[in-house]
Structures are given as structure tokens and as C-alpha cells.
Amino acid sequence: KDIEYIRSYYFNKKEDTRFSSSVGKYVGFTEQGVRNAAAWNNDPSYLSAMKAQKEAYCLNHVPGYYRAAL
């Protein structure tokens with residue numbers, strides 16, 4: 001439950017846009033990032049695909065990394 005999937009996009013070494021599974025949508029940090037986030041948040045299929053990344057990537061890989069860390 002405390003696992004979070006984050007995908008960030010950068011332009012010129014500045015974070016432009018970020019998807020966070022805890023928020024459940026894209027957030028823009030620049031003018032272009034806000035436009036991209038609005039477009040991506042209005043596409044339900046793209047947004048649901050990003051939400052599924054937590055289960056597809058994080059929940060399948062974390063147990064192995066957790067055991068290796070202990």
C-alpha cells in the first residue's frame with residue numbers, strides 16, 4: 001500500500017510533467033507541462049494505462065528487491 005509509481009518528464013534539466021500513482025493523474029510544472037498534463041488527463045485510456053503501471057511494474061518487482069535488501 002505504501003508503494004508509489006512515479007513517472008517524470010524533463011526538458012532542459014527541469015521537471016516538466018509528473019504522473020504519480022498516489023495522485024492518479026498528471027501534474028504539470030511548466031507552461032508546456034500543464035498543457036501536456038491536461039491533454040493526458042483528458043484521455044481515459046492513457047490515464048488508466050498509467051494507473052496500471054503500478055500493478056504491472058512495482059508490485060511484481062518490489063518483493064524481490066525487498067528480499068534482496070534484507
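In the nomenclature of an unreviewed UniProt entry, the protein chain corresponds to MHC class II beta receptor from the organism Gasterosteus aculeatus.

Things to note about the environment of Ala 37
Along the chain, the position of Ala 37 falls in helix α1 (residues 31-41). You can call Ala 37 buried: its relative accessible area is 4%. As a C-alpha pair, Ala 37 and Ala 52 span 15 residues in sequence and 18 Å in three-dimensional space. Discounting residues that sit within four places of it in the chain, Ala 37 has contacts with Thr 17, Tyr 26, Val 27 and Gly 28.

Structural notes on the sheet that holds strand β2 (residues 14-20)
An order of β1-β2-β3 is seen for the three strands of this open sheet, with the pairing classed as antiparallel. Either end of the sheet is taken by a strand with one partner, and the two such strands are β1 (6-11) and β3 (25-28). Shown here is a sheet whose adjacent strand axes are inclined to one another by a mean of 20°, direction ignored. Two strands pair when backbone bridges link them, and β2 and β3 are joined in this way by four bridges, in the antiparallel orientation. Across the sheet, Arg 18 pairs through a bridge with Val 27, a residue of β3. Packed onto the sheet, α1 meets β1, β2 and β3 and runs at close to 165° relative to β3. Contacts between helix α2 (residues 44-69) and the sheet are confined to β1, β2 and β3, with β3 contributing the most and set at about 100° to the helix.

Each value, and the rule that gives it
- Residues numbered from 1 in each chain as written.
- Predicted model: local features only at pLDDT ≥ 70, side-chain atom pairs only at ≥ 80, totals over all residues.
- Heavy atoms only, no water.
- Helix = DSSP H or I, 4+ residues; strand = E, 2+ residues; numbered from the N terminus.
- Buried < 20%, exposed > 50% of the residue type's maximum accessible area, 1.4 Å probe, protein only.
- Contact = heavy atoms within 4.5 Å.
- Pairing = 2+ DSSP bridges.
- Axes fitted to C-alpha atoms, helices over the stretch in contact; angles between N-to-C directions.

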